[in-house]
Amino acid sequence: IPFENLHPEVQIDFNIYNLHELTEQIENLDIIFSNNLEYAAASDHSFLKLDDLPFYLAVSREHPFARKKATTMKEISREKFLIFPPHISPSAMQYASSAFHQLGLSPQFIPVENMPSQLLKISQNQGVAILSASTIKGHEKKISLIRIKDFPFELYRLIMYRPQKLSSATRKFLVYLTQEFSS
């Protein structure tokens, strides 16, 4: 049953922010849907885990890896990685560098300013990226996803909120989301 049917007295307003905008708006938001790698930006927030988001290597359908089902960090370390710089995503470069450095690898990172640019460059075989499957929605005909067998980090979706600032409407929505994702 949709939340609106259960609680017609509660109005929900959804906004989509890029990571830079989210960081600027974070204090004005009741609930934030994000991922655990960006959670550090909201240190005074609590979170509920929604579901896992496995990482994949995203490559152009023209890339030599495009037909592979799985790969390793060592196999992909010579690729050019299209990644968000720290002013866009405080954690992207940090986690990507750490993932490779743990294995003694140092790939080339190329900064991209937004997701549409990243996906366009991948589809044109100008680089690769480590992404979750939902990220390439709408680009499935031009981008292939390859499972990374030994990626050292877990990625999952979560809901962030400030327990000390929960309104009754926000509490109702959190209860609803918890029930929806636990079933």
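This write-up is about the structure you can find in this document. (Residues numbered from 1 in each chain as written. Predicted model: local features only at pLDDT ≥ 70, side-chain atom pairs only at ≥ 80, totals over all residues. Heavy atoms only, no water.)

Focus on the overall build of the chain
Within the chain, the regular secondary structure consists of 6 helices and 9 strands. Taken along the three principal axes of its C-alpha coordinates, the chain extends 55 × 30 × 25 Å. Taking all 183 residues of the chain together, 41% fall into the buried category. Of the contacts made within the chain by residues no fewer than 6 positions apart, 76% connect residues no fewer than 24 positions apart. Surface accessibility of the chain: about 10900 Å² in total, with carbon and sulfur atoms responsible for 51%. Put simply, the chain has 19 plus and 19 minus side-chain charges, and the middle of one group is 10 Å from the middle of the other. (Helix = DSSP H or I, 4+ residues; strand = E, 2+ residues; numbered from the N terminus. Buried < 20%, exposed > 50% of the residue type's maximum accessible area, 1.4 Å probe, protein only. Contact = heavy atoms within 4.5 Å. Areas by Shrake-Rupley, 256 points an atom, 1.4 Å probe, with all protein chains shown as cover. Lys, Arg positive; Asp, Glu negative; His and termini not counted. Charge placed at Lys NZ, Arg CZ, Asp CG, Glu CD.)

Remarks on the side chain of Arg 162
Residue placement: Arg 162 occurs in the loop between strand S9 (156–161) and helix H6 (168–182). When its relative accessible area of 7% is taken as the criterion, Arg 162 is described as buried. There is a polar contact of 3.0 Å between the side chain of Arg 162 and the backbone oxygen of Glu 27. Apart from the residues lying within four places of it in its own chain, the contact partners of Arg 162 are Ile 26, Glu 27, Asn 28, Leu 29, Asp 30, Asp 44 and His 45. (Polar contact = N/O pair within 3.5 Å; in protein donor to acceptor, adjacent residues only side chain to side chain.)

A few points about the nonpolar core
Generally speaking, soluble globular proteins have nonpolar side chains that are buried together. Membership of the largest hydrophobic core comes to 19 residues, with the highest contact counts inside it found for Leu 57, Met 73, Ile 76 and Ile 130. Leave out the neighbours within four places in its chain, and Ile 76 touches Leu 57, Phe 65, Thr 71, Phe 81, Phe 100, Ile 130 and Ile 148. (Core = buried A, V, L, I, M, F, W, Y, C linked by side-chain atoms within 4.5 Å.)

Some thoughts on the sheet that holds strand S7 (residues 129–132)
Pairing is mixed across the open sheet formed by 4 strands, whose spatial order is S4-S8-S3-S7. At either end of the open sheet lies a strand with only one pairing partner, and these are strand S4 (70–71) and S7. Strands in contact with helix H5 (residues 115–123) are strand S3 (55–60), S7 and strand S8 (143–148); relative to S7, the strand with the most contacts, it is inclined by about 120°. (Pairing = 2+ DSSP bridges. Axes fitted to C-alpha atoms, helices over the stretch in contact; angles between N-to-C directions.)

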